[in-house]
Amino acid sequence: MKELLKRMHKWMSDYMRSFYSDDEEVQLGITIKETHTGYVTTNSIELAKFLKLNEHDTELAEIIGLFHDVGRFRQYSIYKTFNDADSEDHADLGLKVIDELDFFKEISDADNDLIHFAIKNHNKKIIEPTDDERKILFAKIIRDADKLDIYRVLQPYLAQENADKMPKFIKGKERAEISPDFVKKFVAGEQVDYREIRTNGDRKIVRLMWLYDVNFSWTMKKIVERGYIEQIVDALPMNEDVAKGVERLREHVRNICETN
Ligand SMILES: [Fe+2]
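Before going into details, it helps to say that this report is about the structure given with it. Values in this document were obtained by computation on a predicted structure and should not be read as measured data.

Thresholds, definitions, all that
- Residues numbered from 1 in each chain as written.
- Predicted model: local features only at pLDDT ≥ 70, side-chain atom pairs only at ≥ 80, totals over all residues.
- Heavy atoms only, no water.
- 1 Å grid on protein atoms, 1.4 Å probe; cavity = no way out; pocket = protein on both sides within 12 Å on 5 of 7 lines; lining within 4 Å.
- Points joined across faces, edges and corners; volume = space filled by probe spheres on them.
- Helix = DSSP H or I, 4+ residues; strand = E, 2+ residues; numbered from the N terminus.
- Nonpolar A, V, L, I, M, F, W, Y, C, P; charged D, E, K, R; others polar.
- Core = buried A, V, L, I, M, F, W, Y, C linked by side-chain atoms within 4.5 Å.
- Buried < 20%, exposed > 50% of the residue type's maximum accessible area, 1.4 Å probe, protein only.
- Domains from an automatic or database assignment.
- Salt bridge = Lys/Arg side-chain N within 4 Å of Asp/Glu carboxyl O.

### Section: empty space enclosed by the protein
Right, so step 1: Tallied over the full model, the rule gives one cavity of 30 Å³ or more.
Right, so step 2: Taken as a whole, the largest cavity holds about 30 Å³ of empty space.
Right, so step 3: What lines the largest cavity is Tyr151, Leu154, Gln155, Leu158, Arg207, Tyr228 and Ile232.
Right, so step 4: Those elements giving two or more residues to the lining of the largest cavity turn out to be helix 7 (133-154) and helix 12 (228-234).
Right, so step 5: Of the residues contributing to the lining of the largest cavity, the split by class is five nonpolar, one polar and one charged.

Following this line, the structure appears as structure tokens:
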């Protein structure tokens, strides 16, 4: 599979480059996704190695990382947005792109199934139920590898004054405060609906809530080491309830760091 992987990497970088544009904002969006693809691929390999997967499975994790956001490029070129709600689900779109590629025919049906499942489920609210443990494992790996890098991507835009400089495609609403409903759910450790995001504060709460969906200690430790949690908490409009939610979250983070 080594040689196939080489061809896949070459195809992917040529493909991403074919979306380069003279329009500064378009180019910024494409560059962000190109860099993200690189980091998520590396994260996937490292996480697979941490989990002591064999060579073949580590290569599968690499392929999933490499292609997980392939739909982003067609999404942006058709709809001029990275917002799935305003266009179509970028994971499902990515599968359509993949199905047009010949080199996936060189992979076994079982492996192709696994790749499809992981990519399809990388961005869904929850992983769709299945009895197939391997599918769940690879979906968990890509979700962790992806989240870890999204924290890196969003880091520069945390402070309110920088939020206003955010490119349009990831921009939040200007108000800093958190909606009361989001505070309530955060304190209760419940999930929120992304579609109900109204303010920058809401967006930050959602990013903290992602931590409840981190699967492996490897990922959580990296998130802690890189200071992503502290940076978001520092940028959060604080009150007694929010502080309670943060305490609950810290407890969860400690627990995950101590597992596996
Ligand atoms: Fe994605």
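### Side note on the nonpolar core
Right, so step 1: The biggest cluster of nonpolar side chains holds 70 residues, and the ones touching the most others in it are Met8, Phe67, Phe104, Leu208 and Leu211.
Right, so step 2: Examining the composition of this core, we find that seven residues originate from one element, helix 7, more than from any other.
Right, so step 3: Taken together, domain 1 (2-152) and domain 2 (172-258) each give at least three residues to this core, which thus spans both.

### Focus: the pattern of salt bridges
Pairs may arise between side chains of opposite charge once their charged atoms sit close together.
Right, so step 1: Counted by the stated rule, this structure contains 22 salt bridges.
Right, so step 2: For Asp113, the salt bridge is made with Lys135, and the minimal N-O distance between the two is 3.9 Å. One end of the pair, Asp113, is in helix 6 (residues 109-120); the other, Lys135, is in helix 7, and 22 residues separate them in sequence.
Right, so step 3: Assessed through its relative accessible area of 45%, Asp113 is described here as partly exposed.
Right, so step 4: Its salt-bridge partner being Asp213, residue Arg143 comes within 2.9 Å of it at the nearest N-O pair. Of this pair, Arg143 sits in helix 7 while Asp213 sits in the loop between helix 10 (200-209) and helix 11 (217-225), and the two are 70 residues apart along the sequence.
Right, so step 5: Taken together, the shared-partner salt bridges in this structure form one network comprising Lys2, Glu55 and Glu59.

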